[in-house]
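# Overview (structure and organization)
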Amino acid sequence: METTTTLCCDPTNSADCKELHVLAVDDSNIDRKVIQKLLQISSFKVTVVESGTRALQYLGLDEEKNSTRFDDLKVNLIMTDYSMPGMTGFELLKKIKNSSTLREIPVVIMSSENSVTRIDRCLEEGAEDYLLKPVKLSDVRRLKDAILKSGAPEIDPIQTKKRKYRLDQSSKLPTSIDCHDLTSSSPDSPQQSVAKRARL
């Protein structure tokens, strides 16, 4: 099972290095590399895993004794693909939101399907955002800005059973579901507008 941890942060900003760590979950090797690169460019610490099961092991939510432990790493955000074999991103989302110790951690769903029904389902279950693949650099930067503004909690995979966290619910991450070039930015398309209205 693959687990890759990349510590990549802005050396001029020690707060960035200490606070912003993303756990990215995707069964596609190519998609993992894409999201990892975008997160690195945006000065995030990055840990990538290939399945929902591995994500739960990392977070300490599984019941197996062989759970992976990563010292001194906190998780500020989880980004997961929706469609994965075994455990889907939606199922992973539900497990996290049903956890008394991890429910406050922001979870972003990534999907290649621009389905209003799927978007609504994820947001109702507690997802902070729904990004349409391929994810853009501008999407990741907006997520980073939102985390910094909201004061998202640091989740310690080792101490999850001992600590609880609070997140300012008045500051939600922006919804971005466009599917243009990774580094381009453009006004909302009609499809985006429909999906955003569905969230409201």
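Criteria and thresholds
Residues numbered from 1 in each chain as written. Predicted model: local features only at pLDDT ≥ 70, side-chain atom pairs only at ≥ 80, totals over all residues. Heavy atoms only, no water. UniProt positions renumbered as here; feature names shortened; annotations may be inferred. Contact = heavy atoms within 4.5 Å. Phe/Tyr/Trp six-rings, centres within 6.5 Å; stacked < 30°, edge-to-face > 60°. Buried < 20%, exposed > 50% of the residue type's maximum accessible area, 1.4 Å probe, protein only. Lys NZ or Arg CZ within 6 Å of the ring centre and 35° of its normal. Salt bridge = Lys/Arg side-chain N within 4 Å of Asp/Glu carboxyl O. Helix = DSSP H or I, 4+ residues; strand = E, 2+ residues; numbered from the N terminus. Pairing = 2+ DSSP bridges. Right-handed = clockwise from strand over helix to strand, strands pointing away. Lys, Arg positive; Asp, Glu negative; His and termini not counted. Polar contact = N/O pair within 3.5 Å; in protein donor to acceptor, adjacent residues only side chain to side chain.

### Description of the UniProt feature "modified residue: 4-aspartylphosphate" (unreviewed entry) in the chain
- Here, the residues flagged by UniProt with the feature "modified residue: 4-aspartylphosphate" (unreviewed entry) are Asp81.
- Setting aside its immediate chain neighbours within four residues, Asp81 contacts Val25, Asp26, Asp27, Gly89, Met110, Ser111 and Lys133.

### Focus on the packing of aromatic side chains
- A complete count under the given rule lists one aromatic pair for this structure.
- Ring centres of Tyr82 and Phe90 lie 6.3 Å apart, and the angle between their planes is 35°; on these two criteria the pair is classed as tilted. In this pair, the class of Tyr82 matches that of Phe90, namely buried.
- Note that Arg121 overlies the ring of Phe90, its terminal NZ or CZ placed 3.9 Å from the centroid.

### Examining the pattern of salt bridges
- In this structure the tally under the stated criterion is five salt bridges.
- Between Asp31 and Lys133 there is a salt bridge; the shortest N-O distance is 2.9 Å. Pair noted here: Asp31 is in helix α2 (residues 29-41) and Lys133 is in the loop between β6 (129-132) and α6 (137-150), with a separation of 102 residues, a long-range link.
- Taking relative accessible area as the criterion, Lys133 reaches 15% and is therefore assigned buried.
- Among the salt bridges present, the one from Arg118 reaches Glu113, with a minimum N-O distance of 3.6 Å.
- Overall, Arg118 belongs to the buried group, its relative accessible area being 15%.
- Members of the salt-bridge network, linked through shared partners, are Asp26, Asp31, Asp81 and Lys133.

### What to know about the environment of Val107
- Mapping Val107 onto the fold places it in strand β5 (residues 107-111).
- A residue is classified by how much of its surface remains accessible, and Val107, at 1% relative accessible area, is buried.
- Expressed as a C-alpha distance, the spacing of Val107 and Asn76, which sit 31 residues apart in the sequence, is 9.3 Å.
- Those residues in contact with Val107 that lie beyond four places of it in its chain are Ile78, Thr80, Leu93, Ile96, Lys97, Ala127, Glu128 and Asp129.

### So, the pairing of strand β3 (residues 45-49)
- Burial of β3 is extensive: five of the five residues sit out of reach of the surface.
- Here β3 shows two buried faces, one formed by Lys45, Thr47 and Val49 and the other by Val46 and Val48.
- Sheet topology places strand β2 (residues 21-25) next to β3; five bridges connect them, and they run parallel. Pairing of Leu23 across the sheet is with Thr47, part of β3.
- Crossover handedness for the path β2 to α2 to β3: right-handed.

### A short note on the side chain of Lys97
- Looking at the secondary structure, you find Lys97 in helix α4 (residues 89-97).
- For Lys97, which is buried and forms no salt bridge, the nearest opposite charge comes from Glu128, at a distance of 4.7 Å.
- A distance of 2.9 Å separates the side chain of Lys97 from the backbone oxygen of Arg103, its partner in a polar contact.
- In this structure the side chain of Lys97 is engaged in a polar contact, spanning 2.9 Å, whose partner is the backbone oxygen of Ile105.
- Excluding its chain neighbours within four sequence positions, the residues that come into contact with Lys97 are Arg103, Glu104, Ile105, Val107, Glu125 and Gly126.

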